[in-house]
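Letter by letter, the chains look like this.
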Amino acid sequence: TLLDLAGDLSDERVEDLIDDALTHGLTRAAYLRACYERLKRVGRKGGGSFGRILRRRGKTLVRLDSPLEKDLLQIIADARLPVPKARLWVPENGRAIYRLDLAYPNERVAVEADSREHHSAEADLIDDQIRQNNLVSWGWSVLRFRTFQLKDPSTVAGIIRDTLAVRTQQLRPR
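A brief look at the structure comes next.

Rules behind the numbers
Residues numbered from 1 in each chain as written. Predicted model: local features only at pLDDT ≥ 70, side-chain atom pairs only at ≥ 80, totals over all residues. Heavy atoms only, no water. Buried < 20%, exposed > 50% of the residue type's maximum accessible area, 1.4 Å probe, protein only. Helix = DSSP H or I, 4+ residues; strand = E, 2+ residues; numbered from the N terminus. Axes fitted to C-alpha atoms, helices over the stretch in contact; angles between N-to-C directions. Parallel < 35°, antiparallel > 145°, perpendicular 65-115°, else oblique. Contact = heavy atoms within 4.5 Å. Nonpolar A, V, L, I, M, F, W, Y, C, P; charged D, E, K, R; others polar. Arc of directions from axis to C-beta. Salt bridge = Lys/Arg side-chain N within 4 Å of Asp/Glu carboxyl O.

What sets the pattern is the α-helix's 3.6 residues per turn: residues three or four places apart point alike. The set of residues buried in helix α4 (residues 47–57) consists of Gly47, Ser49, Phe50, Gly51, Ile53, Leu54 and Arg57. Phi turns positive, to about 50 degrees, at glycine 58, one or two residues after α4.

Here is the structure:
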């Protein structure tokens, strides 16, 4: 269905629909790629657009929870930084406690996208602080980005790049 819609809609709109389907668990990136490979030979009308989106997004075509996470992941990819894991669960005492938006588990760096919708109420801010304090006490560095910060992608990418470099050096065996 998404491939067929790609023939009648803009690439941007199709990409939004793909992200919505991934976010809501209606499909998986591997299924979209397999479907495209199977149907592109048939000459479906939306094949060109659909293929362009899949190629451009590459490893960033993953299930996320918000458009802000998608934008943050795209900044990371555009800056040619390593692609982080999305929706990573961090265990404590053998059970999953917190799900990180984006994470570099080897470096123990969490990258959180804090939208106004889910991170503005007093209770949300308190939960975020408790969560961050716990993660830091377990050895994680936590980077938080809000929508306005993503308007300066080079600064965001620089902060992530610098943090990864420091953490890599800190965790290097001596």
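So, next bit.
Bringing the packing of helix α5 (residues 67–78) against helix α7 (residues 153–171) into the picture now. Contact geometry for α5 and α7: axes closest at 9 Å, N-to-C directions at 75 degrees. Taken together, the axes of α5 and α7 lie roughly perpendicular to each other. Residues Leu72, Ile75 and Ile76 of α5 form the contact with α7, whose own contacting residues are Pro153, Val156, Ala157 and Ile160. Here the contact of α5 with α7 is built from residues that sort into 7 nonpolar, no polar and no charged.

All of the buried residues along helix α3 (residues 29–39) are Ala29, Leu32, Cys35, Tyr36 and Leu39. The buried residues of α3 all sit within an arc of 125 degrees when viewed along its axis, so they share a single face. Looking at the buried positions of α3, the neighbouring elements they touch are α1 (2–5), α2 (11–23) and α4.

Inspection of every chain in the model, using the stated rule, returns 8 salt bridges. The closest approach of N and O atoms between arginine 144 and aspartate 114, which form a salt bridge, is 2.6 Å. Of this pair, arginine 144 sits in strand β4 (residues 141–146) while aspartate 114 is found in strand β3 (residues 109–114), placing the two residues 30 residues apart along the sequence. A relative accessible area of 5% means that aspartate 114 is categorised as buried. The partner of aspartate 128 in a salt bridge is arginine 144, and the shortest N-O contact between them spans 3.6 Å. Of this pair, aspartate 128 sits in helix α6 (residues 122–137) while arginine 144 is found in strand β4, placing the two residues 16 residues apart along the sequence. Connected through shared salt-bridge partners, Glu15, Asp16, Asp19 and Lys70 make up one network.

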